[in-house]
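# Commentary on secondary and tertiary structure
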Number of protein chains: 2
Amino acid sequence: MNLYHNLAALLGQRIEQGLYLPGQRLPSVRTLSMEHGVSLSTVQQAYRVLEDQGLAVPRPKSGYFVASGWRQMPLPRTCRPAQRPVEVGQWDLLLKQMRSTPRADVQYLGGGTPDIGAPTLKPLFSALTRISRRHDPAMLRYDNIQGLSDLRQQVVRLLVDSDCQLHPDEIVITTGCHEALSTAVRTLCKPGEIVAVESPGFHGIMQTLNGAGVQAVEIPVDPITGISLEALELALEQWPIKAILVTPTCNNPLGFNMPEERKRKLLRLAQRFDVAVIEDDIYGDLAYGYPRPRSIKSMDQEGRVLLCSSFSKTLAPGLRVGWIAPGRYLEQVLHMKYIGTGATSTQPQMALAEFIAAGHYHPHLRRVRSQYKRNLERVSGWLSHYLPTSAGISQPQGGFLLWIELAEEIDALRLNEHLGSRGYEFAVGNIFSAAGKYRNCLRLNYALLQGNTMESAIKALGHELKDASLA
Amino acid sequence: MNLYHNLAALLGQRIEQGLYLPGQRLPSVRTLSMEHGVSLSTVQQAYRVLEDQGLAVPRPKSGYFVASGWRQMPLPRTCRPAQRPVEVGQWDLLLKQMRSTPRADVQYLGGGTPDIGAPTLKPLFSALTRISRRHDPAMLRYDNIQGLSDLRQQVVRLLVDSDCQLHPDEIVITTGCHEALSTAVRTLCKPGEIVAVESPGFHGIMQTLNGAGVQAVEIPVDPITGISLEALELALEQWPIKAILVTPTCNNPLGFNMPEERKRKLLRLAQRFDVAVIEDDIYGDLAYGYPRPRSIKSMDQEGRVLLCSSFSKTLAPGLRVGWIAPGRYLEQVLHMKYIGTGATSTQPQMALAEFIAAGHYHPHLRRVRSQYKRNLERVSGWLSHYLPTSAGISQPQGGFLLWIELAEEIDALRLNEHLGSRGYEFAVGNIFSAAGKYRNCLRLNYALLQGNTMESAIKALGHELKDASLA
Ligand SMILES: Cc1ncc(COP(=O)(O)O)c(C=O)c1O
Ligand SMILES: Cc1ncc(COP(=O)(O)O)c(C=O)c1O
């Protein structure tokens, strides 16, 4: 740890201990420089770290302030799921939810869609238009089974941000991250075999295991540091686990970034027990801090890690373009890809390759990342204002998803129905568990605040929570 | 059978018996009308039947002629594959083929791509352009898991051509027919279970079984009437078969249309043994005859048939839009679809919905159908001219694929390598069998003749076949 990290840690502690209150002004750069005998630029760097952690916010010309709302509320508790392999349930619930026709009078605030209205996406529409207009027959042909070579080259360039050095031939383009994940699971596991997953974890991951006939061992997750390596080790000792499936960067639903050292330890565990790692990095590029965290894949020398990702969260999900970097499993993955979809739609791939090559990816990222971070700030404020203090709230380090843990006795499904009649809906917690845990939790998408919709929704949530009939 | 059918059958027999030779003029309409005491229009209808069967061709102002080339060559033999469940092989070969970078100096004539350069596809480019240009955010959003409602409505309208009456909610849009097929297989079968398939059969189907860990019983196929119902019945008696997977209309690779009565019998067999039917109808709308043949699905009252199809052969494969009408298996199919790809790319679905709604589908079909039929005519002529008379040639009733069976001792793989050095390549037969049969067979795509490329390729094939070293 260097000087500015030390200083940031110290200030962070003071904020957390309540020495500086939310909204309060923090000591000036000059004061701290004198107090700690460090340079002005060291203090500035320390403040930038606090900013990245969401603890401090700069206000032009007036210095740094404690982020309002932040850290006032407790974190969600680390759950202790039953650590034995179970079949994944909850499909009925999820299907019902997905098939219900959207009601015009209900705002769904629980989805996984990013801000697709950002002006920085305009060049993407232009690329799509350009390609269609030039009547390029390539867009009507079967694409190469591995995916458009131009796009794989661009993906490889983007992967450098997470310290991954890959060759375009090590990438397979997929129809979204969904296909990357199911391809990885089906490559590694036969029905009846076991995969270790984070709990809570993305419902698509849970259902992928279910659909492949694979059992899940749910491993508890710390809301700040990610999957419990101790619990994971225990599970690896106890069960013939085939793969570890994690979303270690900007996790869905908890938003944590697993510290680099813990990522490294996870990889070492995988080596020791000789199991594969499926790393879902779909939100990784949306980390609020700079540079973005390294992926586990970047530490992998043996081709043990299958990196799964897509443009669904960074750009737009409707394109259905993702990828997998399957390491030593390339040939089996190609087989699964071939039978799964044959190839991925060509035109979206062409448009993405042009969009990235023309340098439009990073400006868009910068824009939405700071938008999401700003939104989080405000949403945290509303949550702390309207929700009972017993509610636990996650502290996302990236992305646009927030996890709310309510009092044990609350049934989020019923709560959501009540909210529906007020015009709002969230995602309910139990689809984030193989065994249907987290019935008292909700997930919220803060990519867009939609005028005062978001505040009203959180207010409505607060009102409902005062209603005892929910328990 | 009515009058004109009787007359057509009689004339057909005479052509087949060699009473009228290829290229020869057939009796005039007036002559036949007098000879058989039927009306002029009955004779004209009979000639239209012969035309649909590819036996007769009209020449403006000079009447009907025997199709040149046609029927001179023997049919491929009905193969007798070992009728026990086997694991599907041939993936290595197929993968090698798919990954090899296309050589600029070699024309690949074995693929499955239709004519995507037809001017009747222009409105599709326009639709794609229009949608991109209006910056419709819908195209960037996650589509409904079941697929775009507008498109499902259009699909249901098109299905009426094959006598299918379905509701849009009975359709699930997929990423190509590949996803429809793998979804169907995974819905119906667990690893180790057994599916009955046509032999020869589309390699994608074979690999789908392999990838799902499912075993294949290869059932022999008659090159004119399709799957042997006798052999199928025997297999159903002998093995715990879960599903019958067939391509009964414009079959790939043989091009037959299974007669309606045999389709009905197949369905009755499925009922008797209580197994599901997966019907791949991807080429069905390309049948040369009018109206197009009914699908097995259209005869199904119980939701036993899962109809799989796509726009890959009728319009363009690069769109990657297909569908499945899964009957009683809808919920499980949605599950498999969800984990497979989440949703299908939105913009291609929107463009297709607009293209079909604006009435562009049938004009395109009419155009390519008659082009393919015309090409077949010419290709048959070249084959009969350049190939040894021992070669068996299929008689496609639709689509754009032709199956060539060479002398038993020919190794098509080596033959293809030799051809490669002359600048041409076909698809080799053994990928069309689970057990690697048909080593002496080739498949040819005649969607485009490409100037004199096709004739030169067939000429080169003929030359190679005179070279004894291939055996
Ligand atoms: C963690 C995670 N992985 C994968 C996916 C699926 O991504 P895609 O839309 O690219 O299939 C999501 C989408 O919600 C997700 O949150
Ligand atoms: C019989 C058959 N079924 C399915 C497919 C795959 O179709 P799609 O490209 O729509 O996935 C093909 C393509 O060659 C085919 O010939």
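Residues numbered from 1 in each chain as written. Chains lettered and ligands numbered in written order. Predicted model: local features only at pLDDT ≥ 70, side-chain atom pairs only at ≥ 80, totals over all residues. Heavy atoms only, no water.

Under an unreviewed UniProt entry, the name given to chain A is GntR family transcriptional regulator, and the organism recorded is Pseudomonas asuensis. The Sequence similarities (unreviewed entry) comment attached to chain A in UniProt states, word for word, "In the C-terminal section; belongs to the class-I pyridoxal-phosphate-dependent aminotransferase family." (UniProt positions renumbered as here; feature names shortened; annotations may be inferred.)

To continue, consider the pattern of salt bridges. Residues and elements named next belong to chain A. Counting across every chain of the model gives 46 salt bridges over all chains. A salt bridge links Glu-354 to Arg-130, with the nearest nitrogen and oxygen atoms 2.8 Å apart. With Glu-354 in helix α12 (residues 346–357) and Arg-130 in helix α5 (residues 122–133), this pair connects stretches of sequence that are 224 residues apart. According to the relative accessible area criterion, Glu-354 is partly exposed, its value standing at 22%. The closest approach of N and O atoms between Arg-264 and Glu-261, which form a salt bridge, is 3.8 Å. Remark: Glu-261 and Arg-264 occur in helix α10 (residues 260–272); sequence separation between them is three residues, near one turn of the helix. Judged by relative accessible area, which is 43%, Glu-261 ranks as partly exposed. (Salt bridge = Lys/Arg side-chain N within 4 Å of Asp/Glu carboxyl O. Helix = DSSP H or I, 4+ residues; strand = E, 2+ residues; numbered from the N terminus. Buried < 20%, exposed > 50% of the residue type's maximum accessible area, 1.4 Å probe, protein only.)

Let us now look at the sheet that holds strand β15 (residues 427–428) of chain B. All names here are of chain B. Spatially, β12-β13-β16-β15 is the arrangement adopted by the four strands of the open sheet, whose pairing is antiparallel. Pairing within the sheet leaves two strands with one partner each, and these edge strands are β12 (392–393) and β15. Where β15 meets strand β16 (residues 441–445), two bridges bridge the pair, whose relative direction is antiparallel. In the strand pairing of β16, Ala-427 is matched with Arg-443. The sheet contacts of helix α13 (residues 361–386) involve β12, β13 (401–405) and β16, and relative to β13 the element is tilted by about 15 degrees. (Pairing = 2+ DSSP bridges. Contact = heavy atoms within 4.5 Å. Axes fitted to C-alpha atoms, helices over the stretch in contact; angles between N-to-C directions.)

Around ligand 2 sit 14 residues, and of these Tyr-142 of chain A together with Asn-252, Asp-280, Ser-310 and Ser-312 of chain B come closest. Ligand 2 sits at a junction of chains, with neighbouring residues supplied by chains A and B. One of the side-chain N or O atoms of Ser-312 of chain B is found 2.6 Å from an oxygen atom in ligand 2. For ligand 2, whose free accessible area comes to 400 Å², the fraction covered by protein is 97%. If one sorts the elements of the shell around ligand 2 by residue count, helix α7 (residues 176–188) of chain B sits on top with four residues. Along the lines of polarity and charge, the residues of the shell around ligand 2 split into six nonpolar, five polar and three charged. (Near = heavy atom within 4 Å. Polar contact = N/O pair within 3.5 Å; in protein donor to acceptor, adjacent residues only side chain to side chain. Areas by Shrake-Rupley, 256 points an atom, 1.4 Å probe, with all protein chains shown as cover. Nonpolar A, V, L, I, M, F, W, Y, C, P; charged D, E, K, R; others polar.)

Before going further, it helps to spend a moment on the relation of the copies chain A and chain B. Rotating chain A by 180 degrees and moving it 0.0 Å along the rotation axis overlays it on chain B with an RMSD of 0.1 Å. Interpreted geometrically, this transformation is the action of a two-fold axis. When C-alpha distances to the rotation axis are compared across chain A, the minimum falls at Thr-129 of chain A, with a value of 2.4 Å. Looking at chain A, 100% of its interface residues are interface residues in chain B too, so the copies touch through the same face. (Least-squares fit on C-alpha atoms with pLDDT ≥ 70 in both.)

Next up on the list: the interface of chain A and chain B. Counting from both sides, the interface comprises 62 residues of chain A and, opposite them, 62 residues of chain B. Between chain A and chain B, roughly 5300 Å² of surface is buried when both sides are summed, and carbon and sulfur atoms account for 64% of that area. The largest per-residue losses of area from chain A upon contact with chain B belong to Leu-140, Tyr-142 and Tyr-338 of chain A, which jointly make up 15% of the total buried on that side. Here Glu-331 of chain A ties to Arg-99 of chain B by a salt bridge, and the two come within 3.4 Å at their closest N and O atoms. If you list the elements that add at least two residues to the side of chain A that touches chain B, you get α4 (91–99), α5, α7 (176–188), α8 (203–211), α11 (330–341) and α12 of chain A. (Buried area = accessible area lost by both parts, 1.4 Å probe.)

Generally speaking, nonpolar side chains in soluble globular proteins are found buried as a group. Counting residues in each nonpolar core, the largest one holds 298 residues, and the members touching the most others are Phe-311 and Leu-387 of chain A together with Phe-311 and Leu-387 of chain B. Contact partners of Phe-311 of chain A, with chain neighbours within four places excluded, come to Leu-151, Val-155, Leu-158, Ala-316, Val-321, Trp-323, Leu-352, Ile-356 and Tyr-361 of chain A. (Core = buried A, V, L, I, M, F, W, Y, C linked by side-chain atoms within 4.5 Å.)

For the rest of this paragraph, the subject is the packing of aromatic side chains. Under the definition given, this model contains 16 aromatic pairs over all chains. Ring centres 5.9 Å apart and planes at 75 degrees place the aromatic pair Trp-403 of chain B and Tyr-438 of chain B in the edge-to-face group. Separated by 35 residues along the polypeptide, Trp-403 of chain B in strand β13 and Tyr-438 of chain B in the loop between β15 and β16 bring together distant segments of the chain. Overall, the relative accessible area of 2% leaves Trp-403 of chain B in the buried class. Linked through ring pairs, Tyr-283, Tyr-372 and Phe-400 of chain A together constitute an aromatic cluster. The ring of Phe-65 of chain A is capped by Arg-59 of chain A, whose NZ or CZ atom sits 4.1 Å from the centre of that ring. (Phe/Tyr/Trp six-rings, centres within 6.5 Å; stacked < 30°, edge-to-face > 60°. Lys NZ or Arg CZ within 6 Å of the ring centre and 35° of its normal.)

So, about the side chain of Thr-208 of chain B. Assignment of secondary structure puts Thr-208 of chain B in helix α8 (residues 203–211). Classification of Thr-208 of chain B as buried rests on a relative accessible area of 2%. What Thr-208 of chain B contacts, discounting residues up to four positions off in sequence, is Ile-339 of chain A together with Leu-181, Ser-182 and Val-185 of chain B.

The environment of ligand 1 is formed by 14 residues, the closest being Asn-252, Asp-280, Ser-310 and Ser-312 of chain A together with Tyr-142 of chain B. Positioned at a junction of chains, ligand 1 has nearby residues supplied by chains A and B. In this structure, Cys-177 of chain A approaches ligand 1 through a main-chain N or O atom, which is 2.7 Å from an oxygen atom. Looking at the shell around ligand 1, the element that brings in the most residues is α7 of chain A, giving four residues. By residue class, the composition of the shell around ligand 1 is six nonpolar, five polar and three charged.

Turning our attention to the sheet that holds strand β11 (residues 322–325) of chain B. All names here are of chain B. Strand order in the open sheet formed by eight strands is β4-β11-β10-β9-β8-β5-β6-β7, with mixed pairing between adjacent strands. At either end of the open sheet lies a strand with only one pairing partner, and these are β4 (172–174) and β7 (226–227). Here six bridges tie strand β5 (residues 194–199) to strand β6 (residues 215–222), and the two strands are oriented parallel to one another. Bridge assignment links Ala-196 to a residue of β6, and that residue is Val-217. Here helix α10 (residues 260–272) sits on the sheet in contact with β7, β8 (241–246), β9 (276–280) and β10 (305–310), set at roughly 165 degrees to β8.

Within the secondary structure, Met-336 of chain B sits in helix α11 (residues 330–341). Separated by 157 residues in the primary sequence, Met-336 of chain B and Glu-179 of chain B place their C-alpha atoms 9.3 Å from one another. Non-local contacts of Met-336 of chain B, meaning those with residues more than four positions away in its chain, are made with Arg-186 and Gly-211 of chain A together with Thr-183, Arg-186 and Thr-187 of chain B.

The next point concerns α8 of chain A. Most of α8 of chain A is tucked away, with eight of its nine residues classed as buried. Positive phi shows up at Gly-213 of chain A, right after α8 of chain A, with a value of about 70 degrees.

Residue and element names in this part refer to chain A. Pairing of strand β1 (residues 56–59) with strand β2 (residues 63–66) involves four bridges; the strand directions are antiparallel. In the strand pairing of β2, Arg-59 is matched with Gly-63. Counting the residues between successive antiparallel strands, the hairpin from β1 to β2 contains three residues, one of them, Lys-61, with a positive phi of roughly 70 degrees.

Close contact between α11 of chain A and helix α4 (residues 91–99) of chain B brings their axes to 11 Å; oriented N to C, the two are set at 85 degrees. As summarised for this structure, α11 of chain A and α4 of chain B are arranged roughly perpendicular, according to the angle between their axes. Here Leu-330, Glu-331, Leu-334, His-335 and Tyr-338 of chain A of α11 of chain A come into contact with α4 of chain B, specifically with Trp-91, Leu-94, Leu-95, Met-98 and Arg-99 of chain B. Its residues assigned to classes, the contact of α11 of chain A with α4 of chain B comprises seven nonpolar, one polar and two charged. (Parallel < 35°, antiparallel > 145°, perpendicular 65-115°, else oblique.)

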